[in-house]
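# Close look at the chain arrangement
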Amino acid sequence: MTDFPEIHVWHSKPLDVHVWSDHPEINRVVDQVYDGLSDDGRLQISGKSNNAGKASGKVLLKVLLVDLYVAWKTDPILCIGVARGHEAYKVNSRYNALHISSRIKHIIDALRVNGVIDYKGGSYNREDSGRGSHTSRIRAAHELREMFSLLDVELYELDLHHKRECIVLNNIDVDEDGEPIKAKSGTKKSKPIEYQDTPATEQMRADLTAYNDLLKETYIDIPSLEEPHITRTKSDGQVQFVPINQTNKFVRRVFSRGQWDLNGRYYGGWWQQVSKDLRKQITINNKPTVEVDYKGLHVAILSAQKGIQDDPNDRYNLGSQILPQFDLEEQRAIVKLLVLTAINAETEDSAFSAFRNDQPTGSPQKKLTNDELSLLLAAFIDKHPHLSDDLCSDQGIRLMNIDSHITTEVLKASTELKVPILSVHDSYIISVFDVALLLELMREATIKVVGSSLAMEQEALSYEDIVNNKAPGRVVGQDTFIDLYNETATINDKTTQYEERLLRFIQYRDTKYEDTYWLPPPSNHY
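So, here is what we can say about the structure in this document.

Conventions we followed
Residues numbered from 1 in each chain as written. Predicted model: local features only at pLDDT ≥ 70, side-chain atom pairs only at ≥ 80, totals over all residues. Heavy atoms only, no water. Helix = DSSP H or I, 4+ residues; strand = E, 2+ residues; numbered from the N terminus. Rg over C-alpha atoms; globule rule 2.2 N^0.38 Å. Buried < 20%, exposed > 50% of the residue type's maximum accessible area, 1.4 Å probe, protein only. Contact = heavy atoms within 4.5 Å. Areas by Shrake-Rupley, 256 points an atom, 1.4 Å probe, with all protein chains shown as cover. Lys, Arg positive; Asp, Glu negative; His and termini not counted. Charge placed at Lys NZ, Arg CZ, Asp CG, Glu CD. Salt bridge = Lys/Arg side-chain N within 4 Å of Asp/Glu carboxyl O. Arc of directions from axis to C-beta. Pairing = 2+ DSSP bridges. Axes fitted to C-alpha atoms, helices over the stretch in contact; angles between N-to-C directions. Core = buried A, V, L, I, M, F, W, Y, C linked by side-chain atoms within 4.5 Å. Parallel < 35°, antiparallel > 145°, perpendicular 65-115°, else oblique. Nonpolar A, V, L, I, M, F, W, Y, C, P; charged D, E, K, R; others polar. Phe/Tyr/Trp six-rings, centres within 6.5 Å; stacked < 30°, edge-to-face > 60°. Expected span 1.5 Å × (residues − 1). Left-handed = near helix turned anticlockwise from the far one by under 90°.

## Describing the overall build of the protein
Counting its regular elements, the protein contains 16 helices and 15 strands. Taking 526 residues into account, the globule formula puts the C-alpha radius of gyration at 24 Å, and the protein, at 25 Å, falls close to it. In terms of overall dimensions, the protein has C-alpha extents of about 80 × 60 × 50 Å along its principal axes. In the protein, which comprises 526 residues, the share counted as buried stands at 50%. Within the protein, counting contacts between residues at least 6 apart in sequence, those at least 24 apart form 71% of the total. Within the structure as shown, the protein displays about 25,500 Å² of accessible surface, and the carbon and sulfur contribution to it stands at 48%. Charge centroids of the protein, computed over 61 positive and 78 negative side chains, lie 6 Å from each other.

## Regarding the pattern of salt bridges
This structure, assessed with the given rule, holds 32 salt bridges. The closest approach of N and O atoms between D22 and K62, which form a salt bridge, is 3.5 Å. Note that D22 is positioned in the loop between strand 1 (12-14) and helix 1 (24-35) and K62 in helix 3 (residues 57-74), a separation of 40 residues in sequence. The exposed category is assigned to D22, whose relative accessible area is 55%. Among the charged side chains, a network of salt bridges with common partners joins R94, E165, D197 and R205.

## Regarding helix 10 (residues 348-357)
For helix 10, every residue scored as buried is listed here: A351, F352, F355 and R356. With its buried residues spanning 130 degrees around the axis, helix 10 presents them on a single face. Facing away from the buried surface of helix 10 by more than 90 degrees, the exposed residues are D349 and N357. Here the buried face of helix 10 lies against helix 9 (328-344) and helix 11 (370-383).

## Regarding the sheet that holds strand 3 (residues 117-120)
Judged by pairing direction, the sheet is mixed, and its four strands sit side by side in the order 1-2-4-3 without closing on themselves. Either end of the sheet is taken by a strand with one partner, and the two such strands are strand 1 and strand 3. Pairwise comparison of adjacent strand axes, ignoring direction, gives a mean angle of 30 degrees for this sheet. As defined by bridge partners, strand 2 (residues 79-82) adjoins strand 4 (residues 136-140) across three bridges and the pair is classed as antiparallel. In the strand pairing of strand 4, V82 is matched with S136. Each of strand 2, strand 3 and strand 4 touches helix 4 (residues 104-113); the most contacted strand, strand 3, lies at about 115 degrees to it.

## Quick word on the nonpolar core
If you look at the biggest cluster of nonpolar residues, it comprises 85 residues, and the most contacted ones within it are W270, W271, I282, V339 and L422. Residues in contact with W271, not counting those within four places in the same chain, are Y211, L215, I220, K249, V251, R279, I282, L422, S423 and V424. Formed by 46 residues, the second largest nonpolar core is a distinct cluster that contains W20, V33, V116 and I138.

## Here's the deal with the sheet that holds strand 9 (residues 252-255)
An order of 5-9-10 is seen for the three strands of this open sheet, with the pairing classed as mixed. Sheet topology places strand 5 (167-169) and strand 10 (263-267) at the edges, where each strand pairs with a single neighbour. Taking each pair of neighbouring strands and ignoring which way they run, the sheet shows an average axis angle of 25 degrees. As judged from the three bridges shared by strand 5 and strand 9, these two strands associate in the parallel manner. Each residue of the ladder has a partner; that of I167, found in strand 9, is R253.

## Quick look at the packing of helix 8 (residues 297-305) against helix 12 (residues 396-416)
Relative to each other, helix 8 and helix 12 sit at 90 degrees, their axes nearing to 10 Å. Taken together, helix 8 and helix 12 sit at an angle that is classed as roughly perpendicular. Two secondary-structure elements touch here, helix 8 through L297, H298, I301, L302 and Q305 and helix 12 through G396, R398, L399, M400, I402, D403 and I406. In terms of residue class, the contact of helix 8 with helix 12 is made up of seven nonpolar, three polar and two charged.

## Brief notes about the packing of aromatic side chains
For the structure shown, the criterion picks out 14 aromatic pairs. Taking the centre distance of 4.9 Å and the plane angle of 90 degrees together, the rings of Y195 and W260 count as edge-to-face. Here Y195, found in the loop between strand 5 and helix 6 (199-217), pairs with W260, found in the loop between strand 9 and strand 10; they are 65 residues apart in sequence, far enough to count as distant. For W260, a relative accessible area of 32% gives the class partly exposed.

## Regarding helix 16 (residues 496-512)
Relative to the 24 Å expected for 17 residues at 1.5 Å per residue, helix 16 spans 24 Å between its end C-alpha atoms, a close match to the ideal helical length. Those residues of helix 16 hidden inside the fold are in contact with helix 6, strand 6 (220-221) and strand 11 (283-284).

## Details of unusual backbone geometry
For H99, which is not glycine, the phi dihedral falls at a positive 60 degrees. Along the chain, the position of H99 falls in the loop between strand 2 and helix 4. Positive phi, normally seen in glycine, also occurs at R257, with a value near 60 degrees. Here R257 is to be found in the loop between strand 9 and strand 10. Judged by relative accessible area, R257 falls into the partly exposed class, the value being 27%.

## Details of the environment of I7
Within the secondary structure, I7 is located in the segment before strand 1. With 113 residues separating them in the primary sequence, I7 and K120 have C-alpha atoms 7.1 Å apart.

## Digging into the packing of helix 1 against helix 3
Between helix 1 and helix 3, whose axes approach to 10 Å, the crossing angle comes to 115 degrees. Relative to helix 3, the crossing made by helix 1 is right-handed. Only K58, L61, K62, L65, V66 and Y69 of helix 3 make contact with helix 1, whose side of the interface consists of I26, N27, V30, V33 and Y34. Looking at side-chain class alone, the contact of helix 1 with helix 3 contains eight nonpolar, one polar and two charged residues.

## Describing the pairing of strand 10
Across the five residues of strand 10, five count as buried, placing the element largely inside the fold. Covered by surrounding structure in strand 10 are N263, R265 and Y267 together with G264 and Y266, the residues of both alternating faces. Here strand 9 pairs with strand 10 via four bridges, running antiparallel. Across the sheet, residue F255 finds its bridge partner in strand 10, namely N263.

Rendered as structure tokens:
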């Protein structure tokens with residue numbers, strides 16, 4: 001047996017209770033594991049539950065084994081965080097469609113005793129408000145890894161979002177990924193709450209299900225990656241492992257504070273969890289992409305609601321130097337972030353504190369006092385008096401709801417056309433060959449939602465820009481056109497691993513489906 005590293009508790013993902021598969025090879029592993037358990041272990045799993053509506057032991061076993069396979073397939077040393085408390089498993093919840101109960105911890109214990117999984121217990125730090133606490137961790141042990149290595153099953157052949165609710169109502173706010181906010185102790189402060197369906201929620205679910213179905217058929221990747229995953233540091237300092245694959249594409253809408261008119265943004269696709277530089281490398285169906293966004297969307301919405309259309313290029317330029325330690329360009333950047341922070345804050349003091357928290361340690365911006373920031377905010381209000389009532393009044397959560405309706409219009413129209421668009425809240429990623437369509441959909445969406453067309457911008461050229469001679473500083477002749485086309489519409493830095501991932505996905509679609517919207521009829525694509 002080769003040495004295998006010990007469980008690293010922070011290299012983990014949470015247990016997913018919405019994984020399922022009826023794949024014959026998966027069923028074989030489930031049976032093999034069950035048959036290999038001791039008599040007590042099998043009794044622990046096959047014993048009847050006294051609680052109606054809860055999943056059987058066999059269902060719990062399969063959920064655990066499928067999720068362990070997902071972790072192993074993603075990264076062999078990736079472990080799974082599992083809660084041991086009863087409160088973590090609410091059986092009759094719309095957010096737990098497989099009715100997973102706290103009995104799952106007894107299944108985990110049976111697998112642990114029989115050597116099927118590696119295990120590390122949870123830990124709670126009582127001395128530092130719980131900082132560094134974590135749930136228990138599990139991972140496939142050697143024998144189970146050997147079984148997994150014999151499987152020829154890609155993750156997209158599994159149902160990793162089985163009956164998962166895509167319309168989520170939260171009791172308070174969520175983080176940048178739409179996940180429940182956690183206290184310093186690690187306990188969840190925010191959680192999904194139950195609700196009764198209405199025609200509106202049913203329509204939202206139908207629209208989003210259609211969009212998720214389109215994404216299932218769509219190949220989205222970063223060609224420069226040899227291994228399809230990255231790690232990133234979130235705003236709360238936690239290091240997150242992000243799979244860049246064809247299963248981490250499920251999108252949901254998350255509403256906040258128990259109200260349908262607050263938040264409602266689209267969360268979940270891995271493209272929202274990578275840096276802007278990596279987003280530039282995203283391909284959709286093996287085509288390069290362009291990201292288009294609205295210029296200062298929330299400020300633009302507030303102005304449009306008052307019948308004012310300001311110049312987005314001049315919005316944060318105060319016209320004079322307010323603070324002598326910064327030049328006008330530096331001051332403009334400070335004012336922009338300060339205003340966007342103030343839109344989300346409830347008070348000036350909280351806005352100023354949040355602004356400083358976002359600045360690098362030791363930077364001049366982090367040392368700005370409340371009085372200095374107040375001078376900048378007052379100068380901005382002098383220039384835009386119509387926004388005075390909207391700053392430091394908790395408008396962000398309401399504006400997020402408005403921009404979610406804009407995104408709904410864009411995604412619904414593109415889904416009907418079978419043209420995949422990836423949402424990053426106020427910006428959208430699309431193939432370089434379809435940018436003109438996206439610009440039109442964005443224009444129509446803002447006219448419908450806020451009553452006027454809002455300014456948009458893109459950093460990279462589209463195919464239409466080349467054809468229509470809209471490359472700044474470049475005169476498009478035959479040679480230049482070829483150069484521009486190669487720069488814009490071809491994929492650079494493809495790894496061999498990317499090519500292999502793409503080919504496997506195409507072969508899977510050819511084998512399992514009669515039609516895939518972006519592929520010709522099943523044949524020799526490669």
